[in-house]
Amino acid sequence: MMKQFSQRLLGPVTLVLLALTIWLGLWVTPPDKIQGQLARLVYVHPSVAWVALYVSFGTATIASALYLWRRTRSMTMDRIAHCAMEVSVVFILLTLITGSIWGRPTWGVWWAWDARLTSTAIMAVLELGYLALRRANDDPMLRARRSAVFAILAAINVPIIHFSVDWWKTLHQGATVFTANRTLLIHGIQAWTLLISFVGFTLLFFWFLRARYRLEVRRESQSQVQLDEALLARQREGAVP
Amino acid sequence: VIHVALLVAAKDLRVELRSRVLLWQVVPFGVMALLLCGLALGPAHAGNSSAGPGLFYLVILLVVLLMVNRSQAIERSSGTRSSVATLGLDPAGVFLGKSLALAVELWATGLLLWGGAVLVLHTALHGSLVALPSIVVTLGALAAAGTLYGALTGGADTTATLLPMLALPAFAPLLIAGERSFSDALHGGGLWQWWVIVVVALVAYLGVGILLYGVLEES
């Protein structure tokens, strides 16, 4: 059932939900009393940040931890971690870009040395570092081990980002959807649009992850074929009298 | 584990004592960087003690990168890693030992740079003395983190560029917390909120290192 859903329905359902988000976000929901049309970014920015920090980075961290645990150690876990981290880089850059677009008219600057912004930027650099670390090691096992440890080390930054708006006096607003005591701050059509956006972007992540994973498997098998062909060619060279 | 840690730390420190790389390369680099910071600020601002803590920790970060590279270079010579592996030493002990050796080297260099900051950047002596315990803990956390990141990048062809790329973002919270606690000490403010970050980071890096250093050293 799940496999069938991921093969056939994941893409169309994602596109429908994202189209619905665009329609509701741009035409149906009302503009904000104070921020006007600018507030419509709330239907994109928090969802993208949610996927970047919790869904995709969380997937990468869990897959890395499972790789390091001997009982569940397999290259599948390493591949999932790698692919999820690549998707996370895309989403974290989108988070920074959409945040910056919102910051310019609101704060008057594209970038502020705010705790939430700075810690998110550090996270983006850490994720790029993860990809650089993978490229620096040719041995697949060594690469998998090192990148798994690095992903877990980088995860230390996630609670810092999450609680940064509570720990420091920041320009970035606090919780947008829920208050600290779980009271909903957003209602009606706006709440529904936000929910659809969260689900849509989460499904988009899984769609990207699935596509990237399949590509990675094909790339690895292609490399293996090329290696086998090269070895065969060498053997033939050696066999020539 | 403690016995192994002390053995490894003593070995690393003995190598450092004999090679004197720390004395003749790292310390002069740190002092030069501190002087350049003063020159970059210019005579009008170099005496402004508010910049002192930040510049001190900036130089410390540059020095840490050199030291971590050095600490890994000791293990890189042919056969060292495999011969250490055949001894069957507890990886947690090896990690703690290497972190301890790096921390001792950092404390020695940090003390010199701390004196330099007082002399060159005019940070107030009393406040700087109050900041010393926080500096000791921050440098300890940097040593633990540095040892882990050194092991992560060790042996790769691109270690020299990879280490700063991976380690500097991770060091950033320590840099901020260390700088703020130093500044608070200079201005007589409360230190505890920044201390908490440094201590949590120290415990986290030590915990991760004890658990996962063995995985990094697996062959």
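Residues numbered from 1 in each chain as written. Chains lettered and ligands numbered in written order. Predicted model: local features only at pLDDT ≥ 70, side-chain atom pairs only at ≥ 80, totals over all residues. Heavy atoms only, no water.

Chemist: Looking at this structure, I do not really get a nonpolar patch on the surface. What am I missing?
Modeler: Residue and element names in this part refer to chain A. A cluster of nonpolar residues, Leu20, Ile22, Trp23, Leu26, Trp27, Val28, Ile189, Trp192, Leu195 and Val199, forms a patch on the protein surface that exposes about 1000 Å² of accessible area. Those elements that place two or more of their residues in the nonpolar patch are α1 (2-28) and α7 (188-239). Examining the composition of the nonpolar patch, we find that 6 residues originate from one element, α1, more than from any other. With respect to the secondary-structure elements, isoleucine 189 resides in helix α7. Given the relative accessible area of 36%, isoleucine 189 is considered partly exposed. (Patch = residues over 30% accessible without salt bridge, like charges linked within 9 Å, V, L, I, M, F, W, Y side chains within 5 Å. Areas by Shrake-Rupley, 256 points an atom, 1.4 Å probe, with all protein chains shown as cover. Salt bridge = Lys/Arg side-chain N within 4 Å of Asp/Glu carboxyl O. Helix = DSSP H or I, 4+ residues; strand = E, 2+ residues; numbered from the N terminus. Buried < 20%, exposed > 50% of the residue type's maximum accessible area, 1.4 Å probe, protein only.)

Chemist: I'm lost on the packing of aromatic side chains in this one. Help?
Modeler: The description of an aromatic ring pair rests on the distance of the ring centres and on the angle between the ring planes. Residue and element names in this part refer to chain A. Tallied over the entire structure, the rule returns 11 aromatic pairs over all chains. Pairing tryptophan 50 with phenylalanine 198 gives two aromatic rings, centres 6.0 Å apart and planes at 50°, and the pair type is tilted. Within this pair, whereas tryptophan 50 is found in helix α2 (residues 45-68), its partner phenylalanine 198 is found in helix α7, the two being separated by 148 residues in sequence. With centroids separated by 4.9 Å and ring planes inclined at 65°, the aromatic side chains of phenylalanine 205 and phenylalanine 206 adopt a geometry described as edge-to-face. (Phe/Tyr/Trp six-rings, centres within 6.5 Å; stacked < 30°, edge-to-face > 60°.)

Chemist: Hey, could you run me through the environment of leucine 34 of chain B in this one?
Modeler: Residues and elements named next belong to chain B. Mapping leucine 34 onto the fold places it in helix α2 (residues 21-41). Between the alpha carbons of leucine 34 and alanine 204 there is a distance of 30 Å; along the sequence they are 170 residues apart. Among all residues touching leucine 34, those that are not within four sequence positions of it are Leu55, Phe56, Val59, Leu113, Gly116, Ala117 and Leu121. (Contact = heavy atoms within 4.5 Å.)

Chemist: Hey, could you run me through empty space enclosed by the protein in this one?
Modeler: If a probe as big as a water molecule is rolled over the atoms, it shows which places are left empty. Residues and elements named next belong to chain B. For the structure shown, the criterion picks out 1 cavity of 30 Å³ or more. Empty space within the largest cavity amounts to approximately 30 Å³. What lines the largest cavity is Asp12, Glu16, Met67, Arg70, Ser71, Ile74, Lys98, Ala101, Leu102 and Glu105. Every element with two or more residues in the lining of the largest cavity is listed here: α1 (2-19), α4 (52-76) and α6 (91-120). Partitioned by chemical class, the residues of the lining of the largest cavity number 4 nonpolar, 1 polar and 5 charged. (1 Å grid on protein atoms, 1.4 Å probe; cavity = no way out; pocket = protein on both sides within 12 Å on 5 of 7 lines; lining within 4 Å. Points joined across faces, edges and corners; volume = space filled by probe spheres on them. Nonpolar A, V, L, I, M, F, W, Y, C, P; charged D, E, K, R; others polar.)

Chemist: Can you help me understand helix α4 (residues 115-136) of chain A in this one?
Modeler: Residues and elements named next belong to chain A. Helix length check: α4, at 22 residues, gives a terminal C-alpha distance of 31 Å against a target of 32 Å (1.5 Å per residue), a fit within 8%. Where burial is concerned, most of α4 is hidden: 17 out of the 22 residues are buried. If you check the start of α4, you find a side-chain oxygen 2.9 Å away from the backbone N of arginine 116, and it comes from aspartate 114. (Expected span 1.5 Å × (residues − 1). Polar contact = N/O pair within 3.5 Å; in protein donor to acceptor, adjacent residues only side chain to side chain.)

Chemist: Before we go on, may I ask you to explain the confidence of the model for chain B in this structure?
Modeler: Any region with low pLDDT has predicted coordinates that should not be read closely. Residues and elements named next belong to chain B. Looking at chain B as a whole, its pLDDT mean stands at 84, while 90% of the residues score no less than 70. Ranking the elements of chain B by mean pLDDT puts helix α3 (residues 43-46) last, at 66, and α6 first, at 90. Two numbers describe this predicted complex: its pTM, 0.84, and its ipTM, 0.79. (pLDDT = per-residue confidence, 0-100.)

Chemist: So what exactly am I meant to see when it comes to the pattern of salt bridges here?
Modeler: When the charged atoms of two side chains with opposite charge come close together, those side chains can pair. In this structure the tally under the stated criterion is 10 salt bridges over all chains. For the salt bridge of arginine 212 of chain A with glutamate 216 of chain A, the shortest nitrogen-to-oxygen distance reads 3.1 Å. One end of the pair, arginine 212 of chain A, and the other, glutamate 216 of chain A, are both in helix α7, 4 residues apart, so they sit about a helical turn from each other. A single burial state applies to arginine 212 of chain A and to glutamate 216 of chain A, both of which are buried. Across the pair glutamate 179 of chain B and arginine 180 of chain B runs a salt bridge whose closest N-O atoms are separated by 3.2 Å. You can call glutamate 179 of chain B buried: its relative accessible area is 17%. On the basis of relative accessible area, arginine 180 of chain B is assigned to the partly exposed category, the value being 39%. Taken together, the shared-partner salt bridges connect Glu86, Arg212, Glu216 and Arg219 of chain A into one network.

Chemist: Just to check I follow, could you spell out the layout of surface pockets for this structure?
Modeler: When its volume is computed, the second largest pocket comes out at roughly 940 Å³. The wall of the second largest pocket is formed by 34 residues, among which Ile160 and Trp168 of chain A together with Pro173, Ile176 and Ile197 of chain B lie closest to the centre. Looking at which element gives the most residues to the lining of the second largest pocket, the answer is helix α9 (residues 192-217) of chain B, with 8 residues. When its residues are assigned to classes, the lining of the second largest pocket shows 25 nonpolar, 5 polar and 4 charged.

Chemist: What is the right way to look at the nonpolar core in this model?
Modeler: Within soluble globular proteins, side chains that are nonpolar generally end up buried alongside one another. Among the nonpolar cores identified, the biggest contains 102 residues, and Phe91 of chain A together with Phe56, Leu142, Tyr149 and Tyr205 of chain B are the most heavily contacted of them. Of the residues forming this core, the biggest block, 12 residues, is contributed by helix α7 (residues 125-153) of chain B. Setting aside chain neighbours within four positions, we find phenylalanine 91 of chain A in contact with Val48, Val51, Ala52, Phe201, Leu204, Phe205 and Phe208 of chain A. (Core = buried A, V, L, I, M, F, W, Y, C linked by side-chain atoms within 4.5 Å.)

Chemist: What am I meant to see in unusual backbone geometry here?
Modeler: For residues besides glycine, phi is generally negative; the peptide bonds are generally trans as well. A positive phi angle is found at histidine 122 of chain B, which is not glycine, with a value near 60°. Summarising the element assignment, histidine 122 of chain B is placed in the loop between α6 and α7.

Chemist: I would appreciate a short explanation of the interface of chain A and chain B in the present structure.
Modeler: Size of an interface, as often reported, equals the accessible area lost when the parts are brought together. The interface is formed by 22 residues belonging to chain A together with 25 residues belonging to chain B. Of the roughly 2000 Å² buried where chain A meets chain B, counting both sides, 73% is carbon and sulfur surface. For chain A, the biggest contributors to the area lost against chain B are Arg145, Arg146 and Leu153 of chain A; these three give 29% of the whole. At the junction of chain A and chain B, the tally comes to 0 salt bridges. Looking at the side of chain A that touches chain B, the element that brings in the most residues is α4 of chain A, giving 9 residues. Here the side of chain A that touches chain B is built from residues that sort into 16 nonpolar, 2 polar and 4 charged. (Buried area = accessible area lost by both parts, 1.4 Å probe.)

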